[in-house]
Amino acid sequence: GGGKKKKKKKKKPLLVVGLFWKATCCLVFGKLQEQPVTTVMKLLMLFAKLGMGITEALISVWATVWVQRNAPHDARARWLGFAGTSAGIGNGVGSGMASLWNPIYAFFLQAFILFVIWASLLLTPARFFRFGGPMQPSEHGDSEDGDTLMPDLQFGSQMLVQQVMRGVAGAVHHENIVTLESMKMPGHYLDASDEPLDHGFKVRITKGDTTNGTWSQFKMTQAEHDVGLTSFESVRLPGHFLDVSGESLGWRDTRVKVRISEFEHEGAEEEEGKIAEHSSIAWAYYRLRSVGSERGLFHIESERLPGFYLNATGEKMTRGTRVCMAKEDPNVADWAVFKIQDVTGNYEGPVAVDFSAEATMLGRLSLLLKNPIWLFTAMAISLNCFVTSGISFMWQNTIDNVWGMGNAWSYFLFIFSTGIGGLVGVVVGPKIFDQMLGGFVFPQGKARCLLWAKRMTFLAALCSTACTVLMVEKSAHLVYSNEQSVVYWQLAVLVFCIFGIFFCINSITGTLYGINTESVNEEARPFAAGLTVSFQNVFGYAFGPLLPSVVSQVVGSCVRDYWPQWPWNQEAVDGAKYAAGMSYALASTWVLFFFARKAAVSARLAHISFRSYSQSFRSASGFREPLSPSLTG
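What follows concerns the overall build of the protein chain. Secondary structure summary: the protein chain contains 14 helices and twelve strands in total. Counting every position in the protein chain, which comprises 633 residues, the buried fraction comes to 49%. With an accessible surface of roughly 30,700 Å², the protein chain has 61% of that area assigned to carbon and sulfur atoms.

Next comes the structure, spelled out in structure tokens:
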């Protein structure tokens, strides 16, 4: 284009200044600890610590974007895994040095090492610190399952998933876009939710504004082989249709579950031009039976299960009310009456998203927070840091006060459970995500990788549950017996479970960083990476040690406040409170699983919308579409 050429910003001078400042702050902090403790000294130490944090964030942001841009696409998880776990490894080694050595000398050693790295940085050519160019199409290899990169989708992550879906819906002219309102509960509409099932997604009846999003809109299409049959495709989940599953709601319940499922050919479609077998797609078709004289009122009967009608039960669910298929007289009451309204003209094209340099800071932040993949992966990364830093912080006091072990044994067990466990995870993780799953370059790859990340966090959560139950029982026993008791098999269970937790967490760290960075366009990545680092520093490394220590102090204070006259054994009280703090840090792994699951669902929805948009793009460009004639009007 004719725009102005962007001036390249030099990275090396900024890194040189930042690393020098970091090393200087570490040296100053160590010198201040040698001085008498006064208010002025405390304030100076606080400012020195602040200086460390500012420059650490600067280097972290640059490192994340540099690795993302320069790593080969088939080894990106490995590169990002090593980069992402470097902070955790440094945190563990630093904690060990501080516990086994004089903390003041530990800061001097850190400053010396940083000055050596700074000198090496000065002697390194500036070209090594430049970001690599954008990926060329040849890097991607062959795409699969509709993951072809379109010209306007190379930066498509800046579009919200909902906007892409709206664009797909707006491109269809020959199908009616409708809403289905329950006459049993006026103002409540059939809702294609984004809550996944083992097969498809949940469907329910929800009260809401039908103009706000695409949750209640369906493409209603008549079958070519039988105009009396109608299918309902979710606009929110393109390619997914209202499905009579055939599964009973309960053991003695004759009603049948309903869901939103993806159309699969399953070998039914034969040569080009032939219609798919009617029996293979009956689950997606319904017959509309008019009700009374008012226009738009219908009973919706299943073609797969004749005599079963769509039923607005009114039974409360966590969100909305239950909908199912019931074999009852539809003319009795209004449980089976739905009002179908045409809303085809209410669609707009995709809305352009401004993430330019001129956009305000609040505008950029708002766009990032509306990007579900970025938000949930950023929170998962933060919870990774929360769990690892919380366990690391509580480790020394827990092992010492619960099992009475010295610093040397405590550090040895710490290195085995967290260090070796994390290292094995960093090595094994890329083999799963890069080699077995094929990486996360395309939307389908992101969905697959985040699904496996969810599974790994679930495994970590199971390990944490075993540890949490153990530590809570240990804390209660110490309070009840008021004496210290050492049971080594409990320590062995704790060590091996934490080994498993660190293995699972570190195996997904690189993938989470990679998907988080790639979920936004090139121009937004430095800002997004900086915000991710801020999230992990605040929600992870700051709250990780803070909240478990608060829990331990609260437990210790409550024990003495509830029974003030009891002659408490200090060792038993200390053991109980640190065991409680460790159990809190361990239990937070379930919060990590929650965000990993949300990220996996968001990636699955993004893949569905991307695939549908890609098909529409290829169709508009003249490519042939292998669509089933039976589902096109």
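The subject of this paragraph is unusual backbone geometry. At Ala333, a residue that is not glycine, the phi angle is positive and equals roughly 65°. Secondary-structure assignment places Ala333 in the loop between strand E11 (321-326) and strand E12 (337-342).

A rise of 1.5 Å per residue sets the reference length of helix H4 (residues 103-123), with its 21 residues, at 30 Å; its end C-alpha atoms lie 31 Å apart and thus fit the reference within 8%. Where H4 is concerned, the buried positions are Ile104, Ala106, Phe107, Ala111, Leu114 and Leu121. Viewed end-on, H4 has its buried residues packed into an arc of 150°, placing them on one side of the element. Among the exposed residues of H4, those oriented more than 90 degrees off its buried face are Phe112 and Leu123.

Look at helix H12 (residues 525-562): 52 Å from first C-alpha to last across 38 residues, which is about the 56 Å you get at 1.5 Å a residue. The sharpest bend along H12 comes to roughly 50°, located at Phe543, with the proline Pro545 sitting one to four residues further on.

Attention now moves to the packing of helix H9 (residues 407-436) against helix H10 (residues 443-481). Look at H9 against H10: their axes get within 10 Å of each other, and the N-to-C directions meet at 155°. By the angle class used here, H9 and H10 are roughly antiparallel. For the pair H9 and H10, the crossing hand works out as right-handed. Residues Ile432, Phe433 and Met436 of H9 form the contact with H10, whose participating residues are Cys449, Trp452 and Ala453. Taken together, the residues of the contact of H9 with H10 sort by class into six nonpolar, no polar and no charged.

Here the focus is the side chain of Ser602. Counting through the fold element by element, Ser602 comes out in helix H14 (residues 589-620). Those residues in contact with Ser602 that sit more than four places away from it in its chain are Pro372, Ile373 and Phe376.

Formed by 66 residues in total, the largest nonpolar core has its most connected members in Trp374, Ile391, Trp395, Trp403, Leu494 and Leu586. Among the elements of the structure, helix H8 (372-403), H9, H10, helix H11 (488-518), H12, helix H13 (570-587) and H14 are those that each provide at least two residues to this core. Of all the elements, H8 adds the most residues to this core, at 16 residues.

This part is about the packing of aromatic side chains. Tallied over the full model, the rule gives 21 aromatic pairs. For the pair Phe535 and Phe539, a centre-to-centre distance of 5.3 Å together with 90° between the ring planes defines the contact as edge-to-face. One end of the pair is Phe535 and the other is Phe539, both in helix H12 and four residues apart, which spans about a single turn. Note on Phe535: relative accessible area 14%, which makes it buried. Among the residues examined, Phe539 registers a relative accessible area of 34% and is labelled partly exposed.

Among the seven residues in strand E1 (residues 176-182), six count as buried, and that is most of the element. Of the strand pairs in this sheet, E1 and strand E4 (residues 218-222) are connected by three bridges, and their pairing is antiparallel. Residue pairing in the sheet places Asn176 in a bridge with Met220 of E4.

When you line up the elements, Asp243 lands in strand E6 (residues 240-248). Take Asp243: its relative accessible area is 2%, and that puts it in the buried class. As for Asp243 and Ala282, which are separated by 39 residues in sequence, their C-alpha atoms are 9.0 Å apart. When residues no more than four places from it in sequence are discounted, the contact partners of Asp243 are Lys257, Val258, Arg259, Ser261, Trp283, Tyr286 and Arg304.

Attention shifts here to the pattern of salt bridges. Under the counting rule described, the total for this entry stands at 18 salt bridges. With a shortest N-O distance of 3.1 Å, Arg287 and Glu303 are connected by a salt bridge. Taken together, the residues Arg287 in strand E8 (residues 285-290) and Glu303 in the loop between strand E9 (297-302) and strand E10 (309-316) connect sequence positions 16 residues apart. For Arg287, a relative accessible area of 23% translates into the label partly exposed. Residues joined by salt bridges that share partners form a network here, namely Asp191, Asp194, Glu195, Lys202, Arg204, Arg236 and Arg319.

Before going further, it helps to spend a moment on the confidence of the model for the protein chain. On average, the protein chain scores 78 in pLDDT, and the residues at 70 or more come to 76%. Note on residues 133-174: pLDDT is under 50 here. Beyond four places in sequence and across chains, it has 85 contacts. Note that pLDDT drops below 50 for residues 617-633; the model gives that stretch 41 contacts with residues more than four away or on any other chain.

Bringing the packing of H8 against H13 into the picture now. In contact at an axis separation of 9 Å, H8 and H13 are set at 160° when each is read in the N-to-C sense. As summarised for this structure, H8 and H13 are arranged roughly antiparallel, according to the angle between their axes. Handedness of the H8/H13 crossing: left-handed. When H8 is examined against H13, the residues Phe386, Val387, Gly390, Ile391, Met394, Trp395, Asn397, Thr398, Asn401 and Val402 are found in contact with a partner set consisting of Glu571, Asp574, Gly575, Tyr578, Ala579, Gly581, Met582, Tyr584, Ala585 and Leu586. Among the residues forming the contact of H8 with H13, the class breakdown is twelve nonpolar, six polar and two charged.

Attention now moves to the environment of Ala529. Mapped onto the fold, Ala529 is located in helix H12. With eleven residues separating them along the chain, Ala529 and Glu518 place their C-alpha atoms 9.9 Å apart.

A few words on the environment of Ser609. Within the secondary structure, Ser609 sits in helix H14. By relative accessible area, which is 3% here, Ser609 ends up buried. Spatially, the C-alpha atom of Ser609 lies 6.9 Å from that of Leu237, the residues being 372 residues apart in sequence.

Turning our attention to the state of the cysteines. All chains considered together, the criterion is met by zero disulfides. Unpaired in this structure, Cys467 has its nearest cysteine sulfur neighbour in Cys497, at a distance of 3.8 Å. A relative accessible area of 0% means that Cys467 is categorised as buried.

The sheet contact formed by strand E5 (residues 229-234) and E8 spans three bridges and is antiparallel. Note on E8: the bridge partner recorded for Ser231 is Tyr285. Across five bridges, the pairing between E8 and E9 is antiparallel. Looking at E9, one finds that Arg289 is bridged to His299. Turn length for the E8-E9 hairpin, with the two strands adjacent in sequence and antiparallel, is six residues, and the turn residue Gly292 shows positive phi of about 65°.

Procedures and definitions
- Residues numbered from 1 in each chain as written.
- Predicted model: local features only at pLDDT ≥ 70, side-chain atom pairs only at ≥ 80, totals over all residues.
- Heavy atoms only, no water.
- Helix = DSSP H or I, 4+ residues; strand = E, 2+ residues; numbered from the N terminus.
- Buried < 20%, exposed > 50% of the residue type's maximum accessible area, 1.4 Å probe, protein only.
- Areas by Shrake-Rupley, 256 points an atom, 1.4 Å probe, with all protein chains shown as cover.
- Expected span 1.5 Å × (residues − 1).
- Arc of directions from axis to C-beta.
- Bend = angle between axes of the 7 residues up to and from the residue.
- Axes fitted to C-alpha atoms, helices over the stretch in contact; angles between N-to-C directions.
- Parallel < 35°, antiparallel > 145°, perpendicular 65-115°, else oblique.
- Left-handed = near helix turned anticlockwise from the far one by under 90°.
- Contact = heavy atoms within 4.5 Å.
- Nonpolar A, V, L, I, M, F, W, Y, C, P; charged D, E, K, R; others polar.
- Core = buried A, V, L, I, M, F, W, Y, C linked by side-chain atoms within 4.5 Å.
- Phe/Tyr/Trp six-rings, centres within 6.5 Å; stacked < 30°, edge-to-face > 60°.
- Pairing = 2+ DSSP bridges.
- Salt bridge = Lys/Arg side-chain N within 4 Å of Asp/Glu carboxyl O.
- pLDDT = per-residue confidence, 0-100.
- Disulfide = S-S within 2.5 Å.

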